[in-house]
Each structure stands twice: as structure tokens, then as C-alpha cells.
Amino acid sequence: MSTSTPLAKRILWGLVIGVVAAVATLGIGQWHPPTLALMQKISAAVFDPFGQIFLRMLFFVVIPLVFTSLASGVAQLGRLDRLGPLAGRTFLLFFLNMGIAVAIGLVMMNTVQPGHHLDEQARTQLMQEYGSSAQQSIDKKAAQPSMSFGTLVEMFMPRNLVGAVAGPSRDTLGDVLPLILFAILVGAAATQLREKERKRVQMALDTITDLMTKIVGFALELAPYAVPAMIYSVIVKVGVDVLLALSVFVVGCAVALALHLFGTMSLWLRFLAGRSPLAYFRQIRPLLITAFSTSSSNACLPASLAVAHDELKLAPSTAGFVLPLGATMNMSGTALFEGCVVLFVAQAFGVELTLSHQAILMLLSVLSAVAVAGIPGGSLPMIAGLLATFGIPPEGIGIIIGVDRILDMMRTTVNVGSDIITATVVDYQLRDRLAAP
């Protein structure tokens, strides 16, 4: 897949054009509402399906790419005893990353207190407009079993692996957690083969990975056109009224997300990976733009692997292990957002959350973020469950659904950026140990 500068610039310019056109449409809509209504219909009928072509091409390769890249990453270790340090360092950084992110979000919400800026009329209007969508998230959460040891076994080891990965319908992405476990087992088994056979297995896995990456290259050729179509559709549908009503919350979340990605992660790059943050973010800019436009960590996995290999020169075993896991488990932007939403809705409904409550919220946000599907809107059912846990009306999620799509784009960018930075840190710290014979 090519991540050349011309493509990155075309995608970035497409994003800018989409935003400017959408803002202009909203401005015209204030003076002539029929024009805005027409463009909303055109967005639903034309721009959304076109954007879906781009997304679906990426989703096509997610399942085979997760399996082959992760199995190959473990197989390349050569010896099973090398898996322990790699996995241990990876999971430690994942949870540290998410914990710091939630802490930043909670501090931001306590500082600006956006829920106190939302008047009764705006709250009622938002609940009426998005109440049905909120109820769907509540129902989806209620249908999920409570977390237990047995539930974890079912999550990672279903009786029917193929059925779990395929998903319940053609419109949903299947469970990736069982596939991750199976891929690790296949890679671990490959390390126990004779060297010649191990290399044969690894070569087959790498060949499939290369094929999937070529398909991603086809998809990215559409990106300069799909990105403006998707961002235009999102903005004209959200509308300026909802943005104004929730402006303090949106800005607070955006600042907290930016602080984590460009603040915390810059410190990690400088002190844990020995890299220049400015040069590094310039290298991964195409990946961050793709994450922002797709709102899906899973859809960005192919691009992440390509950037890790072509631009950052990370060890294939490290990138192949950390990035597929990160796309499913390392959801720092989602964890931050979940904590922010719970605190915001609590403030809007006058529910007091003490420091001890917020400490529990921090832990639960991290754990629930791990279980969130890496697809657009995947966190909403989890947030409904968190609201109920703290005695806050779950219907309150309807307050933020109007701006969730825009914030989803931001938090996905943080998720994906944190994934590849974590892979860079792990690669820097373990490269000599994993390369040793």
C-alpha cells in the first residue's frame, strides 16, 4: 500500500473541502431551510453509500488481516519464550494508556462542568429528538450477559469459532476476540514446528497479509473522494443547533482527546521510544486522517500495519502482534469519552459523583472500552450500561447522540494513534531482546 505524501495531501485537502462545504451548507440553511433539507437527502442517498464503498473495502480485509498478521507476528518470534515479554509489555502499556486517558477526561469534565451549561429546554429537546436511538442502545446493553468468568470464556472461546467470527448477520462485523486467541494459538504452535516448516507457515501467512494490503491500497485510492463525502454528510445532518447546545461538552472532549494524543503520547515517544514527536506525527499523518474519516479502529488496521512497515520500520513480529490487539483492546480515546459522557450526563441530571465514584468510573471505563467493538458507534451500549451503574437515567445518552458521530471520529483518531505509538514503544524497548538468537 502506498502512503506517499501526494495521497496524504489529497486526503487532507478532501477533508478540508468537505468541512468547508458542509459549514457553507449549514449557513445557507439558516436563510433557506429547503436547501439544507435537500442536501441532507442527497447526503443520505448519495454521499453515505459512496462513503460506505470505501469503508466496506476496508472491512472486507479486517478478519483475514487480523488473523494472518497476528499469527505471523507470533510465529516470527521463533521461540515461544519470547512471547511472554512481548505480551506482558504490550498489555501493561495498553492499560496504562487507557487509565491516563480516562483521568485526563475526568479532570477536564470536572473543570469545565459542561452539564451545568445545558439548560432544561435544550436537554428536553435533545431527549425528544434522540430518545429512540438512546432506547436502542439501552436494549442492546440489556441483551448482553453480565460480566463473569463464564462470560469471558464465551467471549474468547465460543463453541463455533467460524460462526462467532462471521457474525449474526451480513450487516455486522463478527467477534474479533476469539479470532485473536486462535491466531495467537496458531502462531504459538508454529514456533514448535521444525525451522523449515515454521518458515513455510510464516511465508503463507505473510503472503495473505500482502494480498490484503493490496486491497487496502485500492480502497485508499478512493479516500480523497470518500473522506469529503463522509465528513460533509455528518456535519449537515448534525446541524448547528445541536452543536451549539453541546458546544462546551464537544470542545471539552476534543481538548481532552488532543491532550492525550499530542501530550501524553508525545512524552511516550520522547522518553520511552527515543523519537521526535513532531517528526513522528508527520510520518503517521495519513493514518490519523484515515482514522478520523472512518471512525473505525478495525478499518484502520490495514493502514496501521502498512505505516508501521513502510514508514516507521517496526519489527514485523512486534507490529503484527501489537497492532491487531490494539485495534480491539487499546481503546484510550473510547475510554476517555465514556468517562466524559457519564460525568456530563450526571451533571445535566444533577447526580453527584464523588471522587470515589469517579475512581470506580475510571476503572469501569477502561474495562468496558476493551469490550467495545472497533466500529462506528460501538461504545454507545457500554455507556448506557455505565450510566445505569451509577444511578443515572440511561436515557440520558440521548443528550449526546446528536454529536456522537463527530466525537467518534475524534476518539477513533486517538485510539489508532495510541495503537501505533504503543507498538513503537514496544518495538524500541524489546527489539534487541526479540532479535537475539
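Residues numbered from 1 in each chain as written. Predicted model: local features only at pLDDT ≥ 70, side-chain atom pairs only at ≥ 80, totals over all residues. Heavy atoms only, no water.

**Re the overall build of the chain**
Scanning the chain from N- to C-terminus turns up 17 helices and 0 strands. Within the chain, the fraction of its 437 residues that count as buried is 54%. Looking at the chain alone, contacts between residues at least 24 apart form 86% of all its contacts between residues at least 6 apart. Accessible surface, the chain as shown: approximately 18900 Å² in total, 66% of it carbon and sulfur. (Helix = DSSP H or I, 4+ residues; strand = E, 2+ residues; numbered from the N terminus. Buried < 20%, exposed > 50% of the residue type's maximum accessible area, 1.4 Å probe, protein only. Contact = heavy atoms within 4.5 Å. Areas by Shrake-Rupley, 256 points an atom, 1.4 Å probe, with all protein chains shown as cover.)

**A few points about helix α15 (residues 355-370)**
Over its 16 residues, α15 runs 23 Å from end to end, which matches the ideal 22 Å to within 8%, given 1.5 Å per residue. For α15, the full list of buried residues reads Q358, L361, S365, V366, S368, A369 and V370. On the buried face of α15, the contacting elements are α3 (83-112), α13 (316-329), α14 (332-348) and α16 (380-389). (Expected span 1.5 Å × (residues − 1).)

**Digging into the packing of helix α9 (residues 247-272) against α14**
α14 packs onto α9 with a crossing angle of 150° between their chain directions and a minimal axis gap of 10 Å. Taken as axis vectors, α9 and α14 run roughly antiparallel relative to one another. By crossing handedness, the relation of α9 to α14 is classed as right-handed. For the pair α9 and α14, contact is made by F249, C253, A256, L257 and H260 and by S332, G333, L336, F337, C340, V341 and F344, respectively. Partitioning the contact of α9 with α14 into residue classes produces 9 nonpolar, 3 polar and no charged. (Axes fitted to C-alpha atoms, helices over the stretch in contact; angles between N-to-C directions. Parallel < 35°, antiparallel > 145°, perpendicular 65-115°, else oblique. Left-handed = near helix turned anticlockwise from the far one by under 90°. Nonpolar A, V, L, I, M, F, W, Y, C, P; charged D, E, K, R; others polar.)

**Remarks on the packing of α14 against α16**
Packed helices, taken two at a time, are described by the angle between their axes plus the distance between the axes. At a minimum axis separation of 10 Å, α14 and α16 run at an interaxial angle of 45°. The angle between α14 and α16 falls in the class oblique. The element α14 and its partner α16 pack so that their crossing is right-handed. Contacts between α14 and α16 involve F337, E338, V341, V342 and V345 on the former and, on the latter, M382, I383, L386 and L387. Each residue belonging to the contact of α14 with α16 can be placed in one class, and the counts come to 8 nonpolar, no polar and 1 charged.

**Some words on the nonpolar core**
Membership of the largest hydrophobic core comes to 128 residues, with the highest contact counts inside it found for F249, F321, F344, I400, I420 and I421. With residues near it in sequence (within four places) discarded, F344 still touches M109, P114, G115, L118, L246, F249, I399 and I400. (Core = buried A, V, L, I, M, F, W, Y, C linked by side-chain atoms within 4.5 Å.)

**A closer look at the packing of aromatic side chains**
We describe a pair of aromatic rings using the distance from one ring centre to the other and the angle between the two ring planes. Following the criterion strictly, the structure yields 6 aromatic pairs and no others. When the ring of F67 is compared with that of F182, the centres are 5.7 Å apart and the planes differ by 20°; the resulting orientation is stacked. With a gap of 115 residues between them, F67 in helix α2 (residues 33-75) and F182 in helix α7 (residues 177-191) connect regions that are remote in the sequence. Between the aromatic rings of F262 and F281, the centroid separation amounts to 5.0 Å while the plane-to-plane angle is 55°, which identifies the pairing as tilted. Highlighted residues: F262 in helix α9 and F281 in helix α10 (residues 277-283), separated in sequence by 19 residues. You can call F262 partly exposed: its relative accessible area is 45%. (Phe/Tyr/Trp six-rings, centres within 6.5 Å; stacked < 30°, edge-to-face > 60°.)

None of the figures reported here should be taken as evidence of function without further support.
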